[in-house]
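Observations on the three-dimensional arrangement
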Amino acid sequence: MSQDDAGIDLETSLGYLLKEAASALRAAMEDVLRPLGMTITHYSCLELLAQRPGSSNSDLARGAFVTRQSMNVLLQTLERDGFVTRPSEAPVGKVLPTKLTPRGRRSLEQATAAVRSVEVRMLSGLSDADRAAALRILRSMVSSLTEG
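Calculation criteria
- Per chain, the residues get numbers from 1 upward, laid out in the order the sequence is written.
- Side-chain atom pairs in this predicted model are given and counted only at pLDDT of 80 or more, local residue features only at pLDDT of at least 70, and totals for whole chains, interfaces and linings cover all residues.
- Think of the side-chain values as coming from all heavy atoms in the structure, minus any hydrogens and water.
- Per-residue confidence from the predictor is given as pLDDT, running between 0 and 100.
- Strands are runs of DSSP state E lasting at least two residues, helices are runs of H or I lasting at least four, and both sets are numbered from the N terminus onward.
- Between buried and exposed lies partly exposed: a residue is buried under 20% and exposed over 50% of the maximum accessible area for its type, with that area taken using a 1.4 Å probe on protein chains only.
- We call two residues in contact whenever any of their non-hydrogen atoms come within 4.5 Å of each other.
- Salt bridges are defined as contacts in which a side-chain nitrogen from Lys or Arg sits within 4 Å of a carboxyl oxygen from Asp or Glu.
- Working definition: a ring pair exists when centres of Phe, Tyr or Trp rings (six-membered ring for Trp) sit within 6.5 Å. Plane angles under 30 degrees give stacked, over 60 give edge-to-face, the rest tilted.
- Consider the ring centre and the ring normal. A charge sits over the ring if Lys NZ or Arg CZ is within 6 Å of that centre and within 35 degrees of that normal.
- Using a 1 Å grid laid over the protein atoms alone, points where a 1.4 Å probe fits but cannot get out form a cavity; open sets with protein on both sides within 12 Å along at least 5 of 7 lines form a pocket; any residue with an atom within 4 Å of a point counts as lining.
- Grid points are joined across faces, edges and corners, and a volume is the space filled by probe spheres set on the points.
- Polar here means any residue other than Ala, Val, Leu, Ile, Met, Phe, Trp, Tyr, Cys and Pro, which are nonpolar, and Asp, Glu, Lys and Arg, which are charged; Gly is therefore polar.
- The nonpolar core is taken to be a set of buried Ala, Val, Leu, Ile, Met, Phe, Trp, Tyr and Cys residues, with the residues joined through side-chain atoms within 4.5 Å.
- Note on method: axes are straight lines fitted to C-alpha atoms, helices fitted across the in-contact stretch only, with angles between N-to-C directions ranging 0 to 180 degrees.
- Comment on the angle field: the value is read as roughly parallel under 35 degrees, roughly antiparallel over 145, roughly perpendicular from 65 to 115, and oblique elsewhere.
- When the near helix sits turned anticlockwise from the far one by under a right angle, the crossing is termed left-handed; a clockwise turn instead gives a right-handed crossing.

With that settled, consider the confidence of the model for the protein chain. Where the model shows low pLDDT, its predicted coordinates should not be examined in detail. Per-residue confidence for the protein chain gives a mean pLDDT of 92; residues scoring 70 or more make up 95%. The spread of mean pLDDT over the elements of the protein chain runs between strand β2 (residues 99-100), the lowest at 93, and helix α5 (residues 102-123), the highest at 97.

Okay, structure coming up:
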């Protein structure tokens, strides 16, 4: 590619800025979750289970943006450490529905407060109208990339 070829201007690229924002958000979340002994995937899994009890390994993996294999390893660890329970045999088909334990719920409460503080900090410079617009715009971008 020569110097004259039009490349992506990183200063004005929305895609690059979204990646930069995602990276900054991830780093901030890691900073508040680390003292709680959690990773972002650990937190995501617990949050998904709180909102969708009985989710399968595949559902959790999709929701946390990791592979099924990675989620299976995490679920084994969470089960061993008493954060979740799974039946030893699938009640129907092959799915082992996972549920939070009381320990998992307590841990999630702490993590949710920590993650919420990051989001509040991230959005602190935005008005309510700006926040609503950002949600609408980001949803539109996701939809444009995932539909059809």
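That shown, we press on.
Moving on, we get to the environment of Leu-36. Counting through the fold element by element, Leu-36 comes out in the loop between α1 (14-33) and α2 (40-51). Residue class for Leu-36 comes out partly exposed when judged on its relative accessible area of 32%. C-alpha separation for the pair Leu-36 and Leu-108, spaced 72 residues apart in sequence, amounts to 9.8 Å. Contact partners of Leu-36, with chain neighbours within four places excluded, come to Gln-110, Ala-111 and Ala-114.

Moving on, we get to the pattern of salt bridges. With the rule as written, the count across this model stands at five salt bridges. Between Glu-30 and Arg-26 there is a salt bridge, with the nearest N and O atoms lying 3.4 Å from each other. Residue Glu-30 and its partner Arg-26 are located together in helix α1, separated by four residues, close to a single helical turn. Of the charged contacts, one joins Arg-34 and Asp-31 as a salt bridge, the two residues approaching to 3.4 Å between their closest N and O atoms.

Here we come to the side chain of Thr-101. The residue Thr-101 is located in the loop between β2 and α5 in this model. In contact with Thr-101, other than residues within four places in its own chain, are Gly-82, Phe-83, Val-84 and Thr-85.

The full count for this structure, using the stated rule, is zero aromatic pairs. Residue placement shows Arg-103 over the ring face of Phe-83; its charged tip is 4.4 Å from the ring centre.

What follows is about the layout of surface pockets. Space inside the largest pocket adds up to approximately 1800 Å³. In terms of lining, the largest pocket is formed by 34 residues, of which the most central are Leu-25, Phe-65, Glu-119, Met-122 and Leu-138. Within the residue set of the lining of the largest pocket, elements represented by two or more residues are α1, α2, α3 (57-64), α5 and α6 (128-146). Each residue belonging to the lining of the largest pocket can be placed in one class, and the counts come to 22 nonpolar, five polar and seven charged.

Side chains of a nonpolar character, in soluble globular proteins, are inclined to be buried together. Membership of the largest hydrophobic core comes to 24 residues, with the highest contact counts inside it found for Tyr-43, Cys-45, Leu-46 and Met-71. Taken together, the elements giving at least two residues each to this core come down to α1, α2, α3, α4 (68-80) and α5. The element that contributes the greatest number of residues to this core is α2, accounting for six residues. Those residues in contact with Cys-45 that lie beyond four places of it in its chain are Leu-60, Met-71, Leu-74, Leu-75 and Leu-78.

Between α2 and α5, the least distance of the axes is 10 Å, while the angle of their chain directions is 110°. Relative to α5, the element α2 lies roughly perpendicular. Crossing geometry of α2 relative to α5 is assigned as left-handed. For the pair formed by α2 and α5, the contact residues are Tyr-43, Leu-46, Glu-47 and Ala-50 on the first element and Gly-104, Arg-105, Ser-107, Leu-108, Ala-111, Thr-112 and Val-115 on the second. By residue class, the composition of the contact of α2 with α5 is six nonpolar, three polar and two charged.

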